[in-house]
Amino acid sequence: MDNAMPDAVMLVEVGPRDGFQFEKTVVPTRRKLSVIARLVAAGLKQIQVASFVHPEKVPQMADADPLIRQLPRQNGVVYTALVLNRRGLDRAMASGIAAVEISLSASDSHSRKNAGMAHGEALEHGLRMIDQAISAGLHVRASLQCAFGCVDEGRIPTARIAGIVRRFVEHGVHVLALADTTGMGSPPLIEEVLDAVLPLAGRLPLALHLHDTRGLGLVNLMAALKYGVSIFDTALAGMGGCPFVPGAAGNIGTEDTAHLLESLGIHTGVNYRQVGAVSREMETFFHQSFPGRMHRVSAFQTPHESI
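I will try to describe carefully the structure that is included in this document. (Residues numbered from 1 in each chain as written. Predicted model: local features only at pLDDT ≥ 70, side-chain atom pairs only at ≥ 80, totals over all residues. Heavy atoms only, no water.)

## Some thoughts on the pattern of salt bridges
- Overall, the coordinates contain 11 salt bridges when judged by the stated rule.
- Where Glu124 meets Arg167, a salt bridge forms, and the shortest distance between an N and an O atom there is 3.3 Å. Taken together, the residues span a long stretch of sequence, with Glu124 in helix H6 (residues 119-135) and Arg167 in helix H7 (residues 158-170) at a distance of 43 residues.
- For Glu124, a relative accessible area of 34% translates into the label partly exposed.
- Residue classification places Arg167 among the partly exposed positions, given a relative accessible area of 27%. (Salt bridge = Lys/Arg side-chain N within 4 Å of Asp/Glu carboxyl O. Helix = DSSP H or I, 4+ residues; strand = E, 2+ residues; numbered from the N terminus. Buried < 20%, exposed > 50% of the residue type's maximum accessible area, 1.4 Å probe, protein only.)

## Some remarks on helix H9 (residues 217-225)
- Looking only at H9, the buried set comprises Gly217, Asn220, Leu221, Ala223, Ala224 and Leu225.
- Taken together, the buried residues of H9 touch strand E6 (175-180), helix H8 (187-201), strand E7 (206-210), strand E8 (231-234) and helix H10 (254-263). (Contact = heavy atoms within 4.5 Å.)

## Observations concerning the nonpolar core
- Grouped together as the largest cluster of nonpolar side chains are 87 residues, with contacts concentrated most on Ile161, Phe168, Leu178 and Phe232.
- With near-sequence residues (within four places) excluded, Phe168 lies in contact with Leu104, Leu127, Ile130, Ala142, Ser143, Leu144, Val173 and Leu176.
- Val12, Ala177, Ala207 and Ala235 belong to the second-largest nonpolar core, a separate cluster that totals six residues. (Core = buried A, V, L, I, M, F, W, Y, C linked by side-chain atoms within 4.5 Å.)

## Examining the layout of surface pockets
- Its volume calculated, the second largest pocket comes out at about 200 Å³.
- If you trace the second largest pocket, you find 14 residues lining it, with Gln46, Thr80, His139, Arg141 and Val175 closest to the centre.
- Taken together, the elements giving at least two residues each to the lining of the second largest pocket come down to strand E2 (46-52), strand E3 (78-83), strand E4 (99-105), strand E5 (139-145) and E8.
- Here the element with the most residues in the lining of the second largest pocket is E4; it accounts for three residues.
- Of the residues that constitute the lining of the second largest pocket, the class distribution is seven nonpolar, four polar and three charged. (1 Å grid on protein atoms, 1.4 Å probe; cavity = no way out; pocket = protein on both sides within 12 Å on 5 of 7 lines; lining within 4 Å. Points joined across faces, edges and corners; volume = space filled by probe spheres on them. Nonpolar A, V, L, I, M, F, W, Y, C, P; charged D, E, K, R; others polar.)

This is the structure we're talking about:
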């Protein structure tokens, strides 16, 4: 660790996928497009807009194909989609999306629930998908779920995490990502895993997907910043979670994260007040409150209180 915090951080907005997917009330395609356009206007440059999964299992994502065809195109903005199996990858390639996230779990029990495959089988399956996607010219981010613990298996051996990352690197992925799916991460564990993974990653960008289940999401982000990590997944209003993790809370909030980073002098390019306005509208749409904070604070903030 060199204790050199980055000057700028890329926030990857996952609310339209991870956030909406967690809700039972289906968001109409037109409203999704409006939300995505407003997130782009707020300064988000990378947005995960959909997952290619079975529409009967996740009705919220049933419109992935038409949604992607209608996305507002803007220079410098990258839209991504999550894929979990070969059929999903085939759909993604046919949709015209330029970037995909291929995700698997470091936990065998979570892998069986989430992907219907044992960990070893899912890993080999995922590596073949990575090869196929790269051969097709897609930008590929490989992510590892439960990298910081599993509710069924407890702590995942760091050696297993490192071994999987090594395989990802060997197969030529463009970005690596580690997900705290269960929110079991803590600063010491973040540090231990990064100590093992960063030397393997080399020059490859490394992203963290942090959940706030135990209230440590932004604390863990601070630990990762000290290692120079400069890509973090966030979701408007702190939406999201994992349906296979009892009591799972949402992601770290986009507004909360942007506000924190800007207070540290770290540039994000994200206007947290504009994101907050979208978040408040989604709370009204879903008839519930989400766990983020700054979207409520910013509604009453005076100009001189802004960063």
